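Summary of the model geometry
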Amino acid sequence: MKIIEAFIFDLDGIIVDTTHHHYASWKILAKSFNYDFREEDNEQLKGANRMTSLNILLALSGQSFSEQDKGLLCEKKNNIYLDMISNLTRGDMLPGVYEFILNAKTSGLKIGMASSSKNARATLNRLKIDELFDAMLDANDILRGKPFPDVYLKVSDMLVVKPQQCLVFEDAFSGIKAAKEAGMRVVGMGQPAQVIQADLTIDSFVDLDPTQIMNIILT
Ligand code: BG6
Ligand code: MG
């Protein structure tokens, strides 16, 4: 039995460089209720689903809205975001990640994607990389988002690989927590404070060898 049978990737900030688009659209939204949303606070929103992100933003700003208005604010943020990513291409993928996934696939690993975004399928479609994945789930498919482990557990189920045999790639604190709660090993890429709980941290996917990563993670 091989110890690692599958790689599961987060989407935003791991496969595609959309973090600044999410941040910029929340910033525009926050401006509409006179709040200056700063980049250092954006770390808290990474990996969180849309409504959770809005709730964090409102808590930071000290403001509150009705559930109905919050729904409208989420919709408004999403429209700004969709507009920003309308021209997304493979050039917006994180450097080296496409080759890394291809190499992992060629070496016989199953490939999954687990995202907190409701736009995940549309994003993969736009990048034309759907065919790389043996299983994918996003925020449309699960009730409890990251940091709950549900999305990772469900993807490992779909891949028919035990959680202990999955290696996750994540950039957010909440995502790493979700994967660890699922009993998986995690490679973190991002700000040191956010990825502190990962089993291994990397700076980029450029020239990264899947076999080497597995050897390091298993020693
Ligand atoms: C996560 C991002 O992947 O998806 C968050 O890290 C984002 O920043 C969340 O808020 C929800 O995305 P969406 O596309 O459903 O609004
Ligand atoms: Mg992410």
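Residues numbered from 1 in each chain as written. Chains lettered and ligands numbered in written order. Predicted model: local features only at pLDDT ≥ 70, side-chain atom pairs only at ≥ 80, totals over all residues. Heavy atoms only, no water.

1. Examining the packing of helix α1 (residues 19–32) against helix α3 (residues 50–61)
Orientation of α1 relative to α3, taken along the N-to-C sense of each, is 50 degrees, at an axis distance of 12 Å. The angle between α1 and α3 places the two elements in the oblique class. Both α1 and α3 take part in a crossing whose hand is right-handed. Residues Trp-26, Leu-29 and Ala-30 of α1 form the contact with α3, whose participating residues are Arg-50, Ser-53, Leu-54 and Leu-57. In terms of residue class, the contact of α1 with α3 is made up of 5 nonpolar, 1 polar and 1 charged. (Axes fitted to C-alpha atoms, helices over the stretch in contact; angles between N-to-C directions. Helix = DSSP H or I, 4+ residues; strand = E, 2+ residues; numbered from the N terminus. Parallel < 35°, antiparallel > 145°, perpendicular 65-115°, else oblique. Left-handed = near helix turned anticlockwise from the far one by under 90°. Contact = heavy atoms within 4.5 Å. Nonpolar A, V, L, I, M, F, W, Y, C, P; charged D, E, K, R; others polar.)

2. Some thoughts on unusual backbone geometry
Of the consecutive residues Lys-146 and Pro-147, the connecting peptide bond is found in the cis state with omega at 20 degrees. With respect to the element layout, Pro-147 can be found in the loop between β3 (135–137) and α7 (150–159). Of note in this structure, Val-160 is not a glycine but carries a positive phi near 55 degrees. Relative to the helices and strands, Val-160 resides in the loop between α7 and β4 (166–170). The exposure class assigned to Val-160 is exposed, which follows from its relative accessible area of 69%. Of note, the phi angle at Asp-207 is positive, near 60 degrees, even though the residue is not glycine. Mapped onto the elements of the fold, Asp-207 is located in the loop between β6 (200–201) and α9 (210–218). (Buried < 20%, exposed > 50% of the residue type's maximum accessible area, 1.4 Å probe, protein only.)

3. Observations regarding the site of ligand 1
In the neighbourhood of ligand 1, 13 residues make up the surrounding shell, with Asp-12, Arg-50, Ser-117, Lys-118 and Asn-119 lying closest. Measuring from an oxygen atom of ligand 1, one finds a side-chain N or O atom of Asp-12 at 2.7 Å. Of the residues contributing to the shell around ligand 1, the split by class is 2 nonpolar, 6 polar and 5 charged. Composition of the shell around ligand 1 by domain shows at least three residues from each of domain 1 (6–17 + 89–218) and domain 2 (19–84). (Near = heavy atom within 4 Å. Polar contact = N/O pair within 3.5 Å; in protein donor to acceptor, adjacent residues only side chain to side chain. Domains from an automatic or database assignment.)

4. Description of the coordination of the magnesium ion (ligand 2)
Only Asp-10 (OD), Asp-12 (O) and Asp-171 (OD) from the protein reach the magnesium ion (ligand 2) as donors, at distances of 2.0 to 2.2 Å. As a motif over one chain, the donors of the magnesium ion (ligand 2) read D-x1-D-x158-D. Taken together, the residues Asp-10 in the loop between β1 (6–9) and α1 and Asp-171 in the loop between β4 and α8 (173–181) connect sequence positions 161 residues apart. What makes Asp-10 buried here is its relative accessible area of 5%. (Donors = N, O, S within 2.8 Å, 3.2 Å for Na, K, Ca; no water.)

5. Observations regarding helix α6 (residues 120–127)
Ala-120, Thr-123, Leu-124 and Leu-127 are the residues of α6 that are buried. The buried residues of α6 all sit within an arc of 95 degrees when viewed along its axis, so they share a single face. The inward-facing, buried residues of α6 abut β2 (110–114) and β3. Looking at the residues trailing α6, positive phi occurs at Lys-128, about 55 degrees. (Arc of directions from axis to C-beta.)

6. Some remarks on the sheet that holds β1
Strand pairing within a sheet occurs via backbone hydrogen bonds; the two strands may be parallel or antiparallel. Sheet architecture is open: 6 strands sit in the order β3-β2-β1-β4-β5-β6, paired in parallel fashion. Two strands in the sheet have a free side with no partner beyond their single neighbour: β3 and β6. Where β1 lies against β2, 4 bridges are found, and the strand directions are parallel. For Ile-8, the partnering residue across the bridge sits in β2 and is Gly-112. Lying over the sheet, helix α5 (residues 97–106) contacts β1, β2 and β4, oriented at roughly 155 degrees with respect to β1. The sheet strands contacting α8 are β4 and β5 (185–188), and the helix crosses β5 at an angle near 160 degrees. (Pairing = 2+ DSSP bridges.)

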